[in-house]
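What follows is the residue order along each chain.
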Amino acid sequence: METARVLVAADKFKGSLTAVQVAERVTAGLRRVAPDVRVETLPVADGGDGTVVAAVAAGFERREARVTGPLGDPVTAAYALRDSTAVVEMAEASGLQHLPDGVFAPLTASTYGSGELLRAALEAGATTIVFGVGGSATTDGGAGMLAALGARFLDADGKPVGPGGGGLADLAEADLSGLDPRLADVDLILASDVDNPLTGPKGAPEVYGRQKGASEEDIAVLDAALTHYASVLGPETAALPGAGAAGGIGYGALVALGARFRPGIEVMLDVLGFAPALARATLVITGEGSLDEQTLHGKAPAGVAAAAREAGIEVVAVCGRLALSQEALIGAGIARAYALAELEPDPAVSMAQAGPLLERAAESIARDFLS
C-alpha cells in the first residue's frame, strides 16, 4: 500500500497556537500512530493577523520597520519579502494588538503606520505587494495610510485634518498629487476575507466599529465622516467589495493606490505555493480555532477545502470549537472535523492545553484515515 502523504494547511488557533505550532502538533500526533506517514506543512492565513508569519514559514524573509502605531506611538512591525514580492499585514502596524488593554480610540486611531510599512516594502524593491488587511484598531478609511505615502488631507483653513476617522468630518480638500510615484509601478493586491462596503448598514463603522471600542454615537459620527470623505475622493469606490475592510483601509487602497481586491485566502494560497503542495498530497488537514458560520465566508479552512475538493483530495479539519453541522462541513468540502472541545469541554482548559489536545486529535485522524 502506498505511503500516505498528508498536507497540513491550517490557520492559527487564535489565543493559543500559531499556525506553525498547529502544524507541529498535528504532525507529532499523526506520527505517533502512523510513524511512516509523509507530512508536509504549509501554515496558512487569510490576509488577517498571522499572514506575515505564514509567509515566513513558506520561505519569505522576515523584515522589520519602525512605524507609527494606531495611537501615534512608535511600534516595530514586520513584513515578508521574497524576490520582488512583499506580504504586508496592516495589523502589524495598525492592529488591535497595539492598543493597551481596555484602551480604544475609535475616532482618532490612525493607519499612518500601515502607509509607512507599505513604503518600507517599496524601499526594499517590492513590485508586487500583497496587502493583507484585518484586525485593525482603526476606522479612518485609509486616510492615515495615504498621508504616510504623500497624500494631504486639509480642512477649510488649509491645515491637515486630525487623525482617525473622526477628523475626516472636517475634510475640505484631498490632494493626492504627492503620493509616492513608485506606487504607479506596483501590483498592489488587497487581500481580505471581508467584502463589506465602506459605509451604511453593512459598512465598516456599523459592522466592525464596536469591537474597536466605538459607541453607538461614535458609529454614527464615523459613518457620516467616511461618507463625507468618500464624497471628496470618489463615492463610487465606496460601494465596492472590500472597501470596508479593516476600518475602510480597503477603500483608501482601492480609490487612491490602484489596488485590486481578491479574497485573502485565494491570494495567500497562491503566494504560499499551495497548488504544488496539494498535488503531492493524499489527505489534507486544515483548521482554525473556531469552525463556525464565519469560516464558510472566506476564512482559510474554507479556501483550503475548496481547492482540495477541486483536486479530488479528501479534507479533514481540526478546531478548538465546532459550531457547524456535519451537513455544513460536507458542503464546504470537509469530510470530518475534530474539535478540542470534544476532548476537553472547559474552554479555558482547552485553550491552555491546546497543544497536547491537538496531538490527541491528530492521533484520532491517523487511526480513522491513515491506518
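Scroll up for the structure.
Reading the values: the criteria
Residues numbered from 1 in each chain as written. Predicted model: local features only at pLDDT ≥ 70, side-chain atom pairs only at ≥ 80, totals over all residues. Heavy atoms only, no water. Helix = DSSP H or I, 4+ residues; strand = E, 2+ residues; numbered from the N terminus. Salt bridge = Lys/Arg side-chain N within 4 Å of Asp/Glu carboxyl O. Buried < 20%, exposed > 50% of the residue type's maximum accessible area, 1.4 Å probe, protein only. Phe/Tyr/Trp six-rings, centres within 6.5 Å; stacked < 30°, edge-to-face > 60°. Pairing = 2+ DSSP bridges. Right-handed = clockwise from strand over helix to strand, strands pointing away. Axes fitted to C-alpha atoms, helices over the stretch in contact; angles between N-to-C directions. Contact = heavy atoms within 4.5 Å. Expected span 1.5 Å × (residues − 1). Arc of directions from axis to C-beta. Parallel < 35°, antiparallel > 145°, perpendicular 65-115°, else oblique. Left-handed = near helix turned anticlockwise from the far one by under 90°. Nonpolar A, V, L, I, M, F, W, Y, C, P; charged D, E, K, R; others polar.

Asks: Even after reading the chapter, I still don't get unusual backbone geometry, so can you show me in this structure?
Replies: Trans is the common state for peptide bonds, and a negative phi is the common state for residues other than glycine. A positive phi is found at Asp83, a non-glycine position, where the angle reads about 55°. On the secondary structure map, Asp83 appears in the loop between β4 (74-82) and β5 (85-89). Positioned with a positive phi, Ala246 is a non-glycine residue whose angle comes to about 50°. Residue placement: Ala246 occurs in helix α9 (residues 245-256).

Asks: What's the story with the pattern of salt bridges in this structure? I'm lost.
Replies: Close approach of charged atoms lets side chains of opposite charge pair. All told, the structure shown has 20 salt bridges when counted by the stated rule. Here Arg280 makes a salt bridge to Glu40, at a shortest N to O gap of 2.6 Å. Within this pair, whereas Arg280 is found in the loop between α11 (274-279) and β11 (283-291), its partner Glu40 is found in strand β2 (residues 38-41), the two being separated by 240 residues in sequence. Of the residues examined, Glu40 reaches a relative accessible area of 27% and is grouped as partly exposed. Between Glu61 and Arg63 there is a salt bridge, with its nearest N and O atoms 2.9 Å apart. Relative accessible area serves as the criterion here: at 29%, Arg63 is assigned to the partly exposed category.

Asks: How should the packing of aromatic side chains be read in this particular structure?
Replies: Two descriptors summarise a pair of aromatic rings, namely the distance from one centre to the other and the angle between the planes of the rings. Applying the stated rule across the entire model yields two aromatic pairs. Where Tyr229 meets Tyr251, the ring centres are 5.6 Å apart and the plane angle is 65°; that geometry is what we call edge-to-face. Here Tyr229 is found in helix α8 (residues 216-233), whereas its partner Tyr251 is found in helix α9, with 22 residues between them in sequence. On the basis of relative accessibility, which here comes to 0%, the residue Tyr229 falls in the buried class. In this structure Tyr251 comes out as buried when scored by relative accessible area, which is 0%.

Asks: How should the pairing of β2 be read in this particular structure?
Replies: Successive residues of a regular strand alternate their side chains across the two faces of the sheet. Pairing of strand β1 (residues 5-8) with β2, which is carried by four bridges, proceeds in the parallel orientation. Following the sheet pairing, Val6 is matched in β2 by Val39. Handedness of the crossover joining β1 and β2 through helix α1 (residues 19-33) is recorded here as right-handed.

Asks: How should the sheet that holds strand β3 (residues 61-68) be read in this particular structure?
Replies: Paired through backbone hydrogen bonds, the strands of a sheet run either parallel or antiparallel to each other. Taken in spatial order, the six strands line up as β3-β4-β5-β6-β9-β10 in an open sheet, and their pairing is mixed. This sheet does not close on itself; its edge strands, each paired only once, are β3 and β10 (260-263). Taken pair by pair, the neighbouring strands of this sheet meet at an average axis angle of 30°, ignoring direction. Sheet topology places β4 next to β5; four bridges connect them, and they run antiparallel. Of the residues in β5, the one forming a bridge with Arg82 is Thr85. Relative to strand β9 (residues 187-192), α9 is tilted by about 155°, and along the sheet it contacts β6 (128-132), β9 and β10.

Asks: What exactly am I supposed to notice about the environment of Phe369 here?
Replies: Along the chain, Phe369 turns up in helix α16 (residues 354-370). A C-alpha to C-alpha distance of 9.2 Å links Phe369 and Val316, two positions 53 residues apart in sequence. Apart from residues no more than four positions distant in its own chain, Phe369 is found in contact with Leu283, Glu314, Val316, Arg336 and Tyr338.

Asks: Even after reading the chapter, I still don't get the sheet that holds strand β13 (residues 336-339), so can you show me in this structure?
Replies: Pairing is parallel in the open sheet, where five strands are placed in the order β2-β1-β11-β12-β13. Edge positions in the sheet fall to β2 and β13, since each of these pairs with one other strand and no more. The sheet shows a mean angle of 25° between the axes of neighbouring strands, direction not considered. Alignment of strand β12 (residues 314-322) against β13, held across four bridges, turns out to be parallel. Its bridge partner being in β13, Val316 is matched across the sheet by Arg336.

Asks: Please clarify how the environment of Val33 should be interpreted in this entry.
Replies: For Val33, the position within the fold is in helix α1. On a C-alpha basis, the gap between Val33 and Ala362 in space is 8.9 Å, while along the polypeptide they are 329 residues apart. What Val33 contacts, discounting residues up to four positions off in sequence, is Glu363, Ala366 and Arg367.

Asks: How do you make sense of α8 when you look at a structure like this?
Replies: Side chains that are three or four residues apart share a direction in an α-helix, a result of its 3.6 residues per turn. Taking 1.5 Å of rise per residue, the 18 residues of α8 would be expected to cover 26 Å, and the 26 Å separating its terminal C-alpha atoms lies within 8% of that figure. Among the residues of α8, Asp218, Ile219, Leu222, Ala225, Leu226, Tyr229, Ala230 and Leu233 are the ones counted as buried. Looking straight down α8, one finds its buried side chains confined to an arc of 140°; they lie on one side. Looking at the buried side of α8, the elements it contacts are α5 (143-148), β7 (152-154), α6 (164-167), β8 (173-175), α7 (204-208) and α9. After α8 finishes, the residue Gly234 shows a positive phi value of roughly 150°.

Asks: Quick question: what am I supposed to make of the packing of α1 against α16 here?
Replies: Packed helix pairs are specified by the crossing angle of their axes together with the interaxial distance, meaning the distance between the axes. The N-to-C vectors of α1 and α16 enclose an angle of 50°; their axes lie 7 Å apart at closest approach. Put simply, α1 runs oblique to α16. Viewed along their axes, α1 and α16 form a crossing whose handedness is right-handed. Listed contacts from α16 to Val22, Arg25, Val26, Ala28, Gly29, Leu30, Arg32 and Val33 of α1 are Gly355, Pro356, Leu358, Glu359, Ala362, Glu363, Ile365, Ala366, Arg367 and Leu370. For the contact of α1 with α16, the class distribution of residues is 11 nonpolar, two polar and five charged.

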